[in-house]
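What follows is the residue order along each chain.
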Amino acid sequence: MKFVGPNTKFMSFSYVSSEVAMEIETENLGDNAVCIAPAGELDLYNADRLKAKVLEAFDASHSALVIDLSQLSYIDSSGVGVLLFTFANAKRRHVTIYFSGPTGAVRRVIELTSLLGYLPITDSRAEALEFLGSEKK
Amino acid sequence: MDLRTQTIDGVVVITPVGEMDMYSSGELKELVVRLWSKGERLFVVDLGSLSYVDSSGVGVLLFIYTTCMKRGLNVRFVNATGAVARVITLTRLESYLLAPETLEQSVAEMAQPVAQASASQENHVRRILIDGSHPLHDTTGMFHKAFYIDLSQIRRLSSLIVNKAPARIPEVNILEQQISELIKNAVRHGNKSDKTKSVKIWFKFSTEEARLIVEDEGPGFQDIEAWNAFYRGKIECYRKNDFDKMLEYLSFKTDESVESDGGNALFAAVEFWNGGVVFNERRNAVAVKRIL
């Protein structure tokens, strides 16, 4: 095990924590449907907040749920875990669910986890609404 | 209603079985969304096993038809008989939902030749190796430092590591994300967030590859064999579009797992680190490589 350096930038790692806020916006879509849109970075440090929002939606007996991912810039395995929790519980409760608009790194992590093509993912919130809408006719 | 799928020569055949009502028609739509986001482009919907469909169900079939058209996907509805065919005819949608061809003819017309090479590659499932003498564990020429950190400092550390990568490295944000996942595992599962325990990191980047070794002071990841078997099960379900069974494979949990564990970090890791994910025999150090 050989130490190779010097590597000033790496060596000078300062023990400062960096937390990027995650905001969650909720929109009532009418017809007993709700949209939950987390924005920013969804990870280990805040995934439980999204989970709480999702549980609230289940408790309110909504029949359809859209998780809008378009404003997320980052996701980690804990964040993916909440998406899976949401999906599995929606299935169990017969709640229609769509995940909308993941881009960039978020889409790529979903793909790497072999969930692109497993989770019902639409291009946008509008498209998810289109899918929900056609169910009511 | 039951939804069955099978893939024949690259064509996904969807067979709804039983009665289609409001909820089950939603499931059919959802299934199509899932399949197309996976990259499937060719669909045949076999209506021959449907015993009942009401006008809202027909509306859903039409919606699937028009959405597929909008997206440039190929879809054909075949085999409608009896009451189902009557509802389609009554709603004057027979030109969209009552294809005259049989299932076999439709598949044959849509089918695309599948290359032999990709077919054999599809049987391969990635796995975690255990081999401390593997070349990926050779630390010669790698940057190295030990850190005493807790969870809140991981993103900053992984950002600093990635800063050492060549400027034009592809997918640098994913590289950072995947590095931080390995460090999170080491801090959380290895060291149990004990800041007096070290996380040792080695790394080396070039324009051809990114290599990293993360070692913690924990008891080691003892469930590698179980994880490999679990991952194989998951990927087999995924490839067969067996979505119901895949529900059992969403996250890998052990007795050690806690509530906030995603249980999926290593699924992405074995795909991203395409040059290998190799633990040592003590299973407390993982060496990975991404071929760029």
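Note that the structure is predicted; figures quoted are calculated from it, not measured.

A. Seen up close, the environment of B:Met20. Residue and element names in this part refer to chain B. Here methionine 20 is to be found in strand β2 (residues 11-20). The buried category is assigned to methionine 20, whose relative accessible area is 0%. Every residue in contact with methionine 20, bar those within four places of it in the chain, is listed here: Met1, Ser25, Leu28, Leu50, Tyr52, Val53, Asp54, Gly57, Val60 and Leu61.

B. Layout of the side chain of B:Arg34. Considering the arrangement of structural elements, one finds B:Arg34 in helix α1 (residues 22-37). Take B:Arg34: its relative accessible area is 6%, and that puts it in the buried class. Side-chain polar atoms of B:Arg34 contact the backbone oxygen of A:Tyr118, separated by 2.4 Å.

C. The arrangement of the environment of B:Tyr52 in detail. Residue and element names in this part refer to chain B. Mapped onto the secondary structure, tyrosine 52 falls in strand β4 (residues 50-53). The partly exposed category is assigned to tyrosine 52, whose relative accessible area is 40%. Separated by 45 residues in the primary sequence, tyrosine 52 and threonine 7 have C-alpha atoms spaced 25 Å apart. Non-local contacts of tyrosine 52, meaning those with residues more than four positions away in its chain, are made with Gly18, Glu19, Met20 and Val84.

D. Examining helix α11 (residues 265-272) of chain B more closely. In terms of residue burial, α11(B) counts as a mostly covered element, since 7 of its 8 residues are buried. By the burial criterion, the buried members of α11(B) are B:Ala265, B:Leu266, B:Phe267, B:Ala268, B:Ala269, B:Val270 and B:Phe272.

E. Representation of the pairing of β2(B). Residue and element names in this part refer to chain B. Here β2 lies mainly inside the structure; 9 of its 10 residues are buried. Joining the antiparallel neighbours strand β1 (residues 2-8) and β2 is a turn of 2 residues, in which aspartate 9 adopts a positive phi near 50 degrees. Across 3 bridges, the pairing between β2 and strand β3 (residues 42-46) is parallel. Across the sheet, the residue bridging to valine 13 is valine 44, located in β3. Between the parallel elements β2 and β3, the chain passes through α1 in a crossover that is right-handed. Note that β2 and β4 share 3 bridges and pair parallel. Note on β4: the bridge partner recorded for methionine 20 is valine 53.

F. Region of the structure containing the pattern of salt bridges. All names here are of chain A. Applying the stated criterion across every chain yields a total of 22 salt bridges over all chains. Aspartate 68 is the partner of arginine 125 in a salt bridge, and the nearest nitrogen-oxygen pair spans 2.8 Å. One end of the pair, arginine 125, is in helix α5 (residues 125-136); the other, aspartate 68, is in strand β3 (residues 64-68), with 57 residues separating them in the sequence. Judged by relative accessible area, which is 5%, aspartate 68 ranks as buried. Connected via shared salt-bridge partners are Glu25, Glu27, Asp68 and Arg125.

Calculation criteria
- Residues numbered from 1 in each chain as written.
- Chains lettered and ligands numbered in written order.
- Predicted model: local features only at pLDDT ≥ 70, side-chain atom pairs only at ≥ 80, totals over all residues.
- Heavy atoms only, no water.
- Helix = DSSP H or I, 4+ residues; strand = E, 2+ residues; numbered from the N terminus.
- Buried < 20%, exposed > 50% of the residue type's maximum accessible area, 1.4 Å probe, protein only.
- Contact = heavy atoms within 4.5 Å.
- Polar contact = N/O pair within 3.5 Å; in protein donor to acceptor, adjacent residues only side chain to side chain.
- Pairing = 2+ DSSP bridges.
- Right-handed = clockwise from strand over helix to strand, strands pointing away.
- Salt bridge = Lys/Arg side-chain N within 4 Å of Asp/Glu carboxyl O.

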